[in-house]
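Here are the chains, one letter per residue:
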Amino acid sequence: MPKGDLRYRRGEIWWVNLDPTVGNETAKKRPCVILQNDVGNARSETTMVAPLLKGLKNYPFVVNVEATADNGLDEDRGIHIEQMRVVDDRRIDSKLGTLDDKYWSQIEKAVGIVLGFNSVFDVE
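Here is a short report on the structure shown in this document.

Thresholds, definitions, all that
Residues numbered from 1 in each chain as written. Predicted model: local features only at pLDDT ≥ 70, side-chain atom pairs only at ≥ 80, totals over all residues. Heavy atoms only, no water. Helix = DSSP H or I, 4+ residues; strand = E, 2+ residues; numbered from the N terminus. Rg over C-alpha atoms; globule rule 2.2 N^0.38 Å. Buried < 20%, exposed > 50% of the residue type's maximum accessible area, 1.4 Å probe, protein only. Contact = heavy atoms within 4.5 Å. Areas by Shrake-Rupley, 256 points an atom, 1.4 Å probe, with all protein chains shown as cover. Lys, Arg positive; Asp, Glu negative; His and termini not counted. Charge placed at Lys NZ, Arg CZ, Asp CG, Glu CD. Patch = residues over 30% accessible without salt bridge, like charges linked within 9 Å, V, L, I, M, F, W, Y side chains within 5 Å. Salt bridge = Lys/Arg side-chain N within 4 Å of Asp/Glu carboxyl O.

Broken down by element type, the chain carries two helices and seven strands. In the chain, the succession of helices and strands from N to C terminus is β-β-α-β-β-β-β-β-α. Against the globule reference of 14 Å for 124 residues, the chain gives a C-alpha radius of gyration of 14 Å, in line with a compact fold. Expressed as a percentage of its 124 residues, the buried residues of the chain come to 39%. A separation threshold of at least 6 residues defines the contact pool for the chain, and within that pool the share at least 24 residues apart is 60%. As presented, the chain carries roughly 7200 Å² of accessible surface, and 47% of it is formed by carbon and sulfur atoms. In the chain, which carries 17 positive and 20 negative side-chain charges, the distance between the mean positions of the two groups comes to 4 Å.

Shown next, in the form of structure tokens:
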């Protein structure tokens, strides 16, 4: 994607090819939510995404999302914030839909937990 061309936006869900992987990284082509802000998305050839994996989980770093016509998901899935990563824009394939705004506060909290900005899991 040429710099300055905004093809994908924060909050959209796209099919992303996550292969090749190493070790326990999430693999295969999966739906992912775009986490990076749109200034970064327009000016960089990479973006930050988090995969939506099948099945609902009760973990503070997973945001459960109900499948809707707007988000394009085939079933309820969890955004696995602990698996967020930077991907080259060539890995981003096709748009599924857009995440409902109601999930953003949960995403913000989960990012804080995963990156240690939230003291829920402080380890001494």
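On we go.
Let's shift gears to a nonpolar patch on the surface. Taken together, the side chains of Val114, Leu115 and Phe117 make up a nonpolar region of the molecular surface, amounting to roughly 320 Å² of accessible area. On the secondary structure map, Val114 appears in helix H2 (residues 104-115).

What follows concerns the environment of His80. Of note, His80 is situated in strand E5 (residues 77-80). We classify His80 as buried; its relative accessible area is 7%. Between the C-alpha atom of His80 and that of Ile107, which follows or precedes it by 27 residues, the distance is 9.5 Å. Non-local contacts of His80, meaning those with residues more than four positions away in its chain, are made with Ala50, Pro51, Leu53, Lys57, Phe61 and Val62.

Looking at the secondary structure, you find Thr26 in the loop between strand E1 (12-17) and strand E2 (29-34). When its relative accessible area of 8% is taken as the criterion, Thr26 is described as buried. The residues contacting Thr26, other than those within four sequence positions of it, are Leu18, Thr21, Pro51, Leu53, Gln83 and Arg85.

Trans is the prevailing form of peptide bonds, just as negative phi is the prevailing case for residues other than glycine. The omega angle of the peptide bond from Asp19 to Pro20 is 0°, so this bond is cis rather than trans. Tracing the backbone shows Pro20 in the loop between E1 and E2. Backbone geometry places Lys28, a non-glycine residue, at a positive phi of 75°. Note that Lys28 resides in the loop between E1 and E2.

This next bit is on the environment of Gly72. Within the element layout of this structure, Gly72 appears in the loop between strand E4 (62-65) and E5. According to the relative accessible area criterion, Gly72 is partly exposed, its value standing at 28%. Sequence separation between Gly72 and Gly97 is 25 residues, and the spatial gap between their C-alpha atoms is 4.9 Å.

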